[in-house]
Amino acid sequence: MLYLIGLGLGDAADITVKGLEAVRSCSRVYLEAYTSILTVGKEALEEYYGKELVLADRDLVEQGADEILKDADVTDVAFLVVGDPFGATTHSDLVLRAVNAGIPYKVIHNASIMNAVGCCGLQLYNFGEAVSVVFWTETWKPESFYDKISKNRAAGLHTLCLLDIKVKEQSIENTMRGRKIYEPPRFMTVSQAADQLMQIIHRRREEGEELGMTEDTVCVGVARLGSDDQKICTGSLRQLVSCDLGGPLHSLVVTGRLHPLEVDMLRVNAEPDALEHLQMIDSSTYTS
Ligand SMILES: C[S@@+](CC[C@H](N)C(=O)[O-])C[C@H]1O[C@@H](n2cnc3c(N)ncnc32)[C@H](O)[C@@H]1O
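Looking at an unreviewed UniProt entry, one finds the chain named diphthine methyl ester synthase and attributed to Oryzias sinensis. Its UniProt record, at the heading Function (unreviewed entry), says of the chain: "S-adenosyl-L-methionine-dependent methyltransferase that catalyzes four methylations of the modified target histidine residue in translation elongation factor 2 (EF-2), to form an intermediate called diphthine methyl ester. The four successive methylation reactions represent the second step of diphthamide biosynthesis." UniProt lists a comment for the chain under the heading Pathway (unreviewed entry), and it reads "Protein modification; peptidyl-diphthamide biosynthesis."

This is the structure in structure tokens:
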């Protein structure tokens, strides 16, 4: 049996009882290590589970799936995913490979950033399509996430922006020379994502485009949701450029039309200036 087990968002103890029992019964346990991270590392999980874990990077999952599935028809193998196994990244490829190989599989769910983000006070029903914000380079500055946010906002919907994670990346030079030297891991912060959005807004304003959001749009930055030191900060996009929410992982929410209850909830974690702004919002007409 292949078990896909969600680990939740906080620390080692966030695994469900059902998940923990499955982990302990498996002969091999893989920890997916490239789409999300917990605030604790592999060793802390090993100690808590009483089980050795094999780190599964992108190469292993995408090119070495046969190794993960080996003998899973006669023995139990676990594939651990931070959050929920089907939250944001679906790992459908691994499931389809198991199905095609006649290997039974079972999913043990857990909290995901896709639903935990509700703790910021916005109603999950009012979210549109989630987007990914990637690190810009000198020569590659994609803006498609802004267009999706604008589309959501035009429909009155909020947008969850998942922020880039770069692990086991190589510089172009090292790749070209065939050297296996990796860059240190990087995790995009709320401040960096807000800054990229501000740059898009400025550029599009100069081009005379009608804007889907502005520097004054109310946004929420969240960090390390589910952990003891989670942070939530509500402010205008401009304010979030200078916020420091600490270590990874971060997500940014761009609000759409706000319900009065959502405004009340947003006030709980609002920056002082944003508080004034929120007080002025007439939720039925809010669009800025
Ligand atoms: C591919 S998604 C996460 C998928 C994961 N399986 C889940 O269900 O949560 C990874 C992104 O989610 C966001 N994220 C994940 N965990 C988070 C947390 N605890 N706090 C804030 N953002 C988080 C970050 O933006 C991160 O880059």
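Now for the state of the cysteines. Enumeration over the complete set of coordinates arrives at 0 disulfides. A disulfide-free cysteine, Cys161 has its sulfur positioned 7.7 Å from the sulfur of Cys219, the nearest such atom. Between Cys233, a free cysteine, and Cys243, which holds the nearest cysteine sulfur, the sulfur-to-sulfur gap is 5.1 Å.

Here we take up the pattern of salt bridges. Counting across every chain of the model gives 16 salt bridges. Note that Arg204 is salt-bridged to Glu143, the shortest N-O span being 2.9 Å. Residue Arg204 is found in helix 9 (residues 190-206), and its partner Glu143 is found in the loop between strand 6 (131-133) and helix 7 (144-154); the two are separated by 61 residues along the sequence. Of the charged contacts, one joins Asp229 and Arg224 as a salt bridge, the two residues approaching to 3.2 Å between their closest N and O atoms. Each member of the salt-bridge network shares a partner with another, and the members are Glu143, Asp147, Arg203, Arg204, Glu207 and Glu209.

What follows deals with the environment of His91. Inspection of the secondary structure assignment puts His91 in the loop between strand 4 (77-81) and helix 5 (92-100). Sequence separation between His91 and Glu32 is 59 residues, and the spatial gap between their C-alpha atoms is 10.0 Å. Those residues in contact with His91 that sit more than four places away from it in its chain are Leu4, Glu32, Tyr34, Thr35, Val61, Phe79, Val81 and Pro85. Within polar-contact distance, the side chain of His91 engages the side chain of Glu32 at 2.8 Å.

In this section: helix 7. Within helix 7, burial applies to Phe145, Tyr146, Ile149, Ser150, Asn152 and Arg153. For helix 7, the arc enclosing every buried residue in end-on projection is 160°, short of the 170-degree limit, so these residues lie on one face. What points out from helix 7, more than 90 degrees from its buried face, is the exposed set Lys151 and Ala154. Where helix 7 is buried, its residues touch strand 6, strand 7 (159-163), helix 9 and strand 12 (250-254).

Glancing now at the site of the ligand. Taken together, 20 residues are adjacent to the ligand, and Val82, Ser112, Leu163, His250 and Ser251 come closest. For the ligand, an oxygen atom lies 2.7 Å from a polar atom in the backbone of His250. Its free accessible area being 560 Å², the ligand has 95% of it covered by the protein chains. If you list the elements that add at least two residues to the shell around the ligand, you get strand 7 and strand 12.

Conventions adopted
- Residues numbered from 1 in each chain as written.
- Predicted model: local features only at pLDDT ≥ 70, side-chain atom pairs only at ≥ 80, totals over all residues.
- Heavy atoms only, no water.
- UniProt positions renumbered as here; feature names shortened; annotations may be inferred.
- Disulfide = S-S within 2.5 Å.
- Salt bridge = Lys/Arg side-chain N within 4 Å of Asp/Glu carboxyl O.
- Helix = DSSP H or I, 4+ residues; strand = E, 2+ residues; numbered from the N terminus.
- Contact = heavy atoms within 4.5 Å.
- Polar contact = N/O pair within 3.5 Å; in protein donor to acceptor, adjacent residues only side chain to side chain.
- Buried < 20%, exposed > 50% of the residue type's maximum accessible area, 1.4 Å probe, protein only.
- Arc of directions from axis to C-beta.
- Near = heavy atom within 4 Å.
- Areas by Shrake-Rupley, 256 points an atom, 1.4 Å probe, with all protein chains shown as cover.

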